[in-house]
Amino acid sequence: MYEQKHYATGKRKTAIARVWMAPGEGKFLVNQKQLEEYFAGMSAQIAAIKQPLEMTEMAGKYDIYANVMGGGISGQADAVRHGVAKALLTIDPASRPVLKKASLLTRDARKKERKKYGQKGARKRFQYSKR
C-alpha cells in the first residue's frame, strides 16, 4: 500500500532540519531518537516544537521524522518547528492563516554578527584610556 509522505525543510541560524510527515499514530523521531530523548531536559523546546501540531489540531494523526544538523540545541528545536509548520502547510493549505498569525511560517533570519577589525568583537571596542 502506498503511503503518502510530506516533506519540508526548516531553518534557524545555522541549524537545518529536514522533516517528513506520514499518516500514523503520532510518533516523533529526531535523528532516530524520540523527541523527548533528543531534547532531554528542554521541555520549553519540546512544547515549542509541538505548537504547530496543536494549533492545527493534527497532534497524534501523523508520524514525524526529522533529521537535523548544525547549530545548537535551541536552534535545532526552532528549525524542527519551522519544518513541521511548513510540512503541515503541504498537508492542509487551509491552515495557512492560523500558522501565519502565530508567525510559524516565517524563517527567523537573525544570525551572529561578524567581528569587525579594530574592535574586540562585533560591537565591543578595545578599552580606551584618555590618560
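Residues numbered from 1 in each chain as written. Predicted model: local features only at pLDDT ≥ 70, side-chain atom pairs only at ≥ 80, totals over all residues. Heavy atoms only, no water.

Focus: the layout of surface pockets
Convention followed: The pocket and cavity definitions rest on a 1 Å grid over protein atoms only: a 1.4 Å probe that fits but cannot leave marks a cavity, an open set with protein on both sides within 12 Å along at least five of seven lines marks a pocket, and residues lining either have an atom within 4 Å of a point. Grid points are joined across faces, edges and corners, and a volume is the space filled by probe spheres set on the points. The helix and strand labels rest on DSSP assignments: H or I over at least four residues marks a helix, E over at least two residues marks a strand, and numbering proceeds from the N terminus.
The space that makes up the largest pocket amounts to roughly 160 Å³. Considering the residues around the largest pocket, the lining is formed by Lys11, Arg12, Asp78, Arg81, His82, Ser103, Leu104, Thr106, Arg107, Asp108 and Arg110. Contributing elements (two or more residues each) for the lining of the largest pocket: strand 1 (6-12) and helix 3 (73-91). When residues in the lining of the largest pocket are grouped by element, the largest group, 3 residues, is from helix 3.

Some details on the sheet that holds strand 5 (residues 62-69)
Put simply, the test is: We treat two strands as partners when DSSP finds at least two bridges between them. Note on contacts: a residue pair is in contact if any heavy atoms of the two residues lie within 4.5 Å. Helix axes are fitted to C-alpha atoms over the stretch in contact, other axes to C-alpha atoms as well, and angles between N-to-C directions run from 0 to 180 degrees.
Strand order in this open sheet of 5 strands is 1-2-5-3-4, and the pairing throughout is mixed. What marks the edges here is a single partner per strand, and that holds for strand 1 and strand 4 (33-34). One ladder, built from 2 bridges, connects strand 3 (residues 28-30) with strand 4; its direction is antiparallel. Note on strand 4: the bridge partner recorded for Val30 is Lys33. Each of strand 1, strand 2 (15-23), strand 3 and strand 5 is contacted by helix 3, which is oriented at about 145 degrees to strand 1, the strand it contacts most.

Some details on the pattern of salt bridges
Definition in use: Each reported salt bridge corresponds to a side-chain nitrogen of Lys or Arg within 4 Å of a carboxyl oxygen of Asp or Glu.
What the rule picks out here adds up to 6 salt bridges. Salt-bridge contacts for Asp108 lead to Arg12; the nearest nitrogen and oxygen are separated by 3.5 Å. Here Arg12 lies in strand 1 and Asp108 lies in the segment after helix 4 (96-101), a separation of 96 residues in the sequence. Close ionic contact of Lys50 with Glu36 constitutes a salt bridge, the shortest N to O distance being 3.3 Å. A residue pair is termed long-range when its members are at least 10 positions apart, and Lys50 in helix 2 (residues 43-55) and Glu36 in helix 1 (residues 35-38) qualify at 14 residues.

Quick notes on the nonpolar core
Note the cut-off: Side-chain atoms within 4.5 Å are what join buried Ala, Val, Leu, Ile, Met, Phe, Trp, Tyr and Cys residues into a set we call a nonpolar core. Each residue is placed in one exposure class: buried if its accessible area under a 1.4 Å probe, protein chains only, is under 20% of its type's maximum, exposed if it is over 50%, and partly exposed if it falls in between.
Within the largest apolar cluster, 29 residues are counted, with the highest numbers of intra-cluster contacts made by Met21, Phe28, Leu53, Val80 and Val84. Listed by contribution, the elements that provide at least two residues to this core are strand 2, strand 3, helix 2, strand 5 and helix 3. If you tally residues by element for this core, the top one is helix 3, at 9 residues. Once residues within four sequence positions are removed from consideration, Leu53 is found in contact with Met21, Phe28, Met58, Ala59, Ile64, Val84 and Leu88.

Quick word on the environment of Gly83
Locating Gly83 in the fold gives a position in helix 3. The exposure class assigned to Gly83 is buried, which follows from its relative accessible area of 0%. A sequence separation of 78 residues divides Gly83 from Lys5, and the C-alpha atoms of the two residues are 14 Å apart.

Considering the packing of aromatic side chains
Basically, it comes down to this: Working definition: a ring pair exists when centres of Phe, Tyr or Trp rings (six-membered ring for Trp) sit within 6.5 Å. Plane angles under 30 degrees give stacked, over 60 give edge-to-face, the rest tilted.
The tally for this structure, following the rule as stated, stands at 2 aromatic pairs. Relative to Trp20, the ring of Tyr7 lies with its centre 5.2 Å away and its plane at 45 degrees, an arrangement referred to as tilted. One end of the pair, Tyr7, is in strand 1; the other, Trp20, is in strand 2, with 13 residues separating them in the sequence. The class of Trp20 is partly exposed, set by a relative accessible area of 30%.

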